[in-house]
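Listed here are the chains, written in short residue letters.
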Amino acid sequence: MRAVRAVLRLTRKRGMATVERARKRIAAPKASYAPPAALRKRHDVRSREVEGFPCTTVAPRDGRSTRAAIYLHGGAYISEISPQHWTLISALADAGVRVEVPSYGLAPQHTYREAYPFLGSVYRRLLADVDASAITFVGDSAGGGLALGFAQTLAGVGLPQPGRLVLISPWLDLTLSNPDLDAIRDPWLNRVGLAEAAAAWAGGDDPTDPRLSPLNGPLSGLAPMDVYVGTRELCLPDVLLLKDRCATEGVTPQVTVCEGAVHVYPLVPAPEGRAAARTIVRSVSQDSVS
């Protein structure tokens with residue numbers, strides 16, 4: 001993980017270090033959302049449009065899936081799904097999980113206002129095939145925040161909670177106002193760039209809205225929650241605050257804090273990341289929620 005921190009500091013952090021660089025990155029053309037060829041060879045992969053946005057299903061070729069997941073990828077709401085995301089999705093399919101991968105619209109062309117009804121349609125269609133108790137919402141970084149925010153809205157639209165939430169370094173508060181952020185030495189994420197991405201995703205709306213900052217939303221009544229976070233990332237203070245808030249609402253999340261680990265460390269090909277990824281795959285693919 002020390003080597004990973006050094007590489008990130010040299011190759012990633014500077015790209016969003018100033019307002020100008022961040023705005024250039026946000027406005028840049030988006031990468032392809034198409035799944036890699038290796039994934040298509042290994043699994044049953046099908047893509048379709050839902051509410052005008054692409055959604056990809058990745059399932060075991062033998063059709064043996066009894067459990068399902070909706071995977072919401074990270075990327076600060078401005079970047080498309082990456083190879084690291086597809087690697088975890090493939091591991092889930094290897095374990096017998098059908099994975100729905102909604103390619104929600106990215107800022108600045110799209111905002112959260114389009115993402116929520118899109119996810120609602122994806123979830124409704126999945127519920128036609130799979131019981132809610134056998135479904136897990138998995139999300140990393142921005143996708144982790146979106147997964148939690150979406151789960152908080154389900155009661156209001158008449159949909160059941162899934163069986164589990166798995167949040168990997170979730171971005172929980174778009175205002176980045178937690179004073180404990182000042183003490184975090186993150187080799188990857190930059191608050192200046194994240195603030196620009198947050199403004200683009202909010203589209204002029206109040207960033208404290210729970211659909212944007214789910215740390216402000218209701219926590220009671222949610223599915224059992226597993227959260228993974230490293231000590232060397234900006235998401236840590238708000239994850240710890242989420243844990244405290246859950247306690248006041250009678251919720252007990254399973255929070256794993258990995259010492260020295262970077263942002264979304266379960267996606268990183270380091271020993272700590274591989275171990276966490278194996279745990280996530282086991283938790284999503286098991287037949288019952290512990």
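Look up: the structure comes first, before these words.
Residues numbered from 1 in each chain as written. Predicted model: local features only at pLDDT ≥ 70, side-chain atom pairs only at ≥ 80, totals over all residues. Heavy atoms only, no water.

**Thoughts on the nonpolar core**
For the record, the criterion: Residue types Ala, Val, Leu, Ile, Met, Phe, Trp, Tyr and Cys, when buried and joined through side-chain atoms within 4.5 Å, form a set referred to as a nonpolar core. The buried label applies to any residue whose accessible area, calculated with a 1.4 Å probe on protein chains only, is under 20% of its type's maximum; exposed applies above 50%, and partly exposed to all values in between. Secondary structure elements are taken from DSSP: a helix is a run of H or I of four residues or more, a strand is a run of E of two residues or more, and numbering for both begins at the N terminus.
Counting 67 residues, the largest nonpolar core has Tyr-123, Phe-137, Trp-171, Trp-201, Met-225 and Leu-242 as the members making the most contacts within it. No other element matches helix 5 (residues 112–127), which puts eight residues into this core. With 33 residues, the next largest nonpolar core counts Leu-8, Trp-86, Leu-88 and Leu-267 among its residues.

**A word on unusual backbone geometry**
Geometrically, the link from Ala-107 to Pro-108 is a cis peptide bond, its omega value of 5 degrees lying close to zero. You can see Pro-108 is positioned in the loop between strand 4 (97–102) and helix 5. Residue Leu-176 is not a glycine yet carries a positive backbone phi of 50 degrees. Relative to the helices and strands, Leu-176 resides in the loop between strand 6 (164–168) and helix 7 (191–202). Although it is not a glycine, Val-264 sits at a positive phi angle of roughly 45 degrees. Note on placement: Val-264 falls in the loop between strand 8 (254–258) and helix 9 (271–285).

**Overview of the pattern of salt bridges**
Opposite charge on two side chains makes pairing possible when the charged atoms of those side chains draw close. As a reminder, the rule being used: Whenever a carboxyl oxygen of Asp or Glu lies within 4 Å of a side-chain nitrogen of Lys or Arg, that contact is scored as a salt bridge.
Inspection of the entire model under this criterion finds 11 salt bridges. Residue Glu-196 is joined to Arg-23 by a salt bridge in which the shortest nitrogen-to-oxygen separation is 2.9 Å. Linking Glu-196 in helix 7 with Arg-23 in helix 2 (residues 19–27), this pair joins segments that are 173 residues apart in sequence. Note that Arg-42 is salt-bridged to Asp-94, the shortest N-O span being 2.9 Å. With a gap of 52 residues between them, Arg-42 in helix 3 (residues 37–42) and Asp-94 in helix 4 (residues 83–94) connect regions that are remote in the sequence. Look at Asp-94 and you get partly exposed, because its relative accessible area is 33%. The structure contains a network of salt bridges with shared partners spanning Arg-48, Arg-98, Glu-100 and Asp-129.

**Notes on the sheet that holds strand 6**
What counts is decided by this rule: The pairing criterion is simple: DSSP has to find at least two bridges between the two strands. Here, axes are lines fitted to C-alpha atoms. For helices the fit covers the stretch in contact, and angles between N-to-C directions go from 0 to 180 degrees.
With mixed pairing, eight strands are arranged side by side in an open sheet as 1-2-4-3-5-6-7-8. Of all strands in the sheet, those bounded by a partner on one side alone are strand 1 (44–50) and strand 8. On average, each strand axis in the sheet is tilted by 15 degrees relative to the strand beside it, whichever way the strands run. Two elements, strand 5 (residues 135–140) and strand 6, share five bridges in a ladder whose sense is parallel. Bridged to Gly-139 within strand 6 is Leu-167.

**Focus: helix 6 (residues 142–153)**
Basically, it comes down to this: The length a helix should cover is 1.5 Å for every residue beyond the first. Residues count as neighbours in contact if any of their non-hydrogen atoms are within 4.5 Å of one another.
Its 12 residues give helix 6 an end-to-end C-alpha distance of 17 Å, which sits within 8% of 16 Å, the value for a rise of 1.5 Å per residue. Ala-142, Gly-143, Gly-144, Gly-145, Leu-146, Ala-147, Leu-148, Gly-149, Phe-150, Ala-151 and Gln-152 are the residues of helix 6 that are buried. Summarising the contacts, the buried residues of helix 6 are in contact with strand 3 (67–72), helix 5, strand 5, strand 6, strand 7 (225–230) and helix 8 (236–248).

Keep in mind these numbers describe shape, not what the thing actually does.
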